[in-house]
Amino acid sequence: MALKRMDNIGIVVEDLATTIDFFRELGLELEGRAMIEGEWAGRVTGLGDQRVEIAMMRTPDGHGRLELSRFLTPPAVADHRNAPVNALGYLRVMFTVDDIDETLEGLRKRGAHLVGEVVQYKDAYRLCYIRGPEGLLIGIAQELG
């Protein structure tokens, strides 16, 4: 047995359209949208009969994907979107961009705001955390040199 790749990261949201637009602004491409429903899907998730609208977003290099999900049935039950960066569990996704300032300018138009500030780590990166739609925590990094 050998691991082939990490296929995607799942993010549950309330407003799928706004979140798609935000990640498009960041540079991801919409691969497709679908309704996932029925008993078979509930057997995978353990939620029983479910109805979930999903959108698959792909990074420009084709190697990374986000699966954005909006649960219609059953409804979302927990909310940790405003958890601090030191909270236990999966919390954020980090993207590398060509120009962090230009990226932030575009994302601010979509409601993003800095969690702290843009900092430089040695001669390697400029990076920051932002809160995107619905409070999603997202890391942005620009490689230097």
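Before reading further, recall that the structure is shown in the block above.
Now for a look at the structure at hand. (Residues numbered from 1 in each chain as written. Predicted model: local features only at pLDDT ≥ 70, side-chain atom pairs only at ≥ 80, totals over all residues. Heavy atoms only, no water.)

Bringing unusual backbone geometry into the picture now. Note the cis peptide between Thr73 and Pro74, where omega equals -15°. Note on placement: Pro74 falls in the loop between strand E4 (65–73) and strand E5 (92–97). The residue Lys122 is not glycine, and still its phi comes out positive at about 50°. In the Ramachandran plot, Glu134 falls in the positive-phi region, its phi being about 60° despite a non-glycine side chain. Its place among the elements puts Glu134 in the loop between strand E8 (125–131) and strand E9 (137–143). With a relative accessible area of 22%, Glu134 lands in the partly exposed category. (Helix = DSSP H or I, 4+ residues; strand = E, 2+ residues; numbered from the N terminus. Buried < 20%, exposed > 50% of the residue type's maximum accessible area, 1.4 Å probe, protein only.)

Here we come to the nonpolar core. Of all hydrophobic cores here, the largest spans 24 residues; its most connected members are Phe23, Leu66, Leu68, Ile130 and Ile140. Residue assignment for this core shows that the elements contributing at least two residues are helix H1 (16–26), strand E3 (50–58), E4, E5, helix H3 (100–108), E8 and E9. A total of five residues in this core trace back to one element, the largest contributor, which is H1. In contact with Leu68, not counting residues within four places along its chain, are Ile11, Leu16, Thr19, Ile20, Phe23, Glu53, Ile54, Ala55 and Met57. (Core = buried A, V, L, I, M, F, W, Y, C linked by side-chain atoms within 4.5 Å. Contact = heavy atoms within 4.5 Å.)

So, about H1. Note on helix geometry: an α-helix contains 3.6 residues per turn, so any two residues three or four positions apart are oriented the same way. Listed as buried for H1 are Leu16, Thr19, Ile20, Phe22, Phe23 and Leu26. Taken end-on, H1 shows its buried residues confined to a sector of 160°, consistent with a single buried face. N-cap assignment for H1: the residue whose side-chain oxygen lies 3.4 Å from the backbone N of Ala17 is Asp15. Positive phi shows up at Gly27, right after H1, with a value of about 125°. (Arc of directions from axis to C-beta. Polar contact = N/O pair within 3.5 Å; in protein donor to acceptor, adjacent residues only side chain to side chain.)

As a further point, take H3. Considered for burial, the residues of H3 that qualify are Ile100, Thr103, Leu104, Gly106 and Leu107. Summarising the axial view, the buried residues of H3 lie within an arc of 165°, below the 170-degree limit, and thus occupy one face. Turned more than 90 degrees off the buried face of H3, the exposed positions are Glu102 and Glu105. Looking at the packing, one finds that the buried side of H3 touches H1, E5, strand E6 (113–114), E8 and E9.

With that settled, the discussion passes to the packing of aromatic side chains. The tally for this structure, following the rule as stated, stands at two aromatic pairs. Arranged with centres 5.4 Å apart and planes meeting at 90°, the rings of Phe22 and Phe23 form a pair that is edge-to-face. For the pair shown, Phe22 and Phe23 are each scored as buried. Here the aromatic rings of Phe23 and Phe95 are separated by 6.2 Å at their centres, their planes lie at 55°, and the arrangement is tilted. Remark: Phe95 occurs in strand E5 and Phe23 occurs in helix H1; sequence separation between them is 72 residues. (Phe/Tyr/Trp six-rings, centres within 6.5 Å; stacked < 30°, edge-to-face > 60°.)

Next up on the list: a negative patch on the surface. A cluster of like negative charges, contributed by Asp98, Asp99, Glu102 and Glu105, occupies part of the molecular surface. Turning to its location among the elements, Glu102 is positioned in helix H3. (Patch = residues over 30% accessible without salt bridge, like charges linked within 9 Å, V, L, I, M, F, W, Y side chains within 5 Å. Areas by Shrake-Rupley, 256 points an atom, 1.4 Å probe, with all protein chains shown as cover. Salt bridge = Lys/Arg side-chain N within 4 Å of Asp/Glu carboxyl O. Lys, Arg positive; Asp, Glu negative; His and termini not counted. Charge placed at Lys NZ, Arg CZ, Asp CG, Glu CD.)

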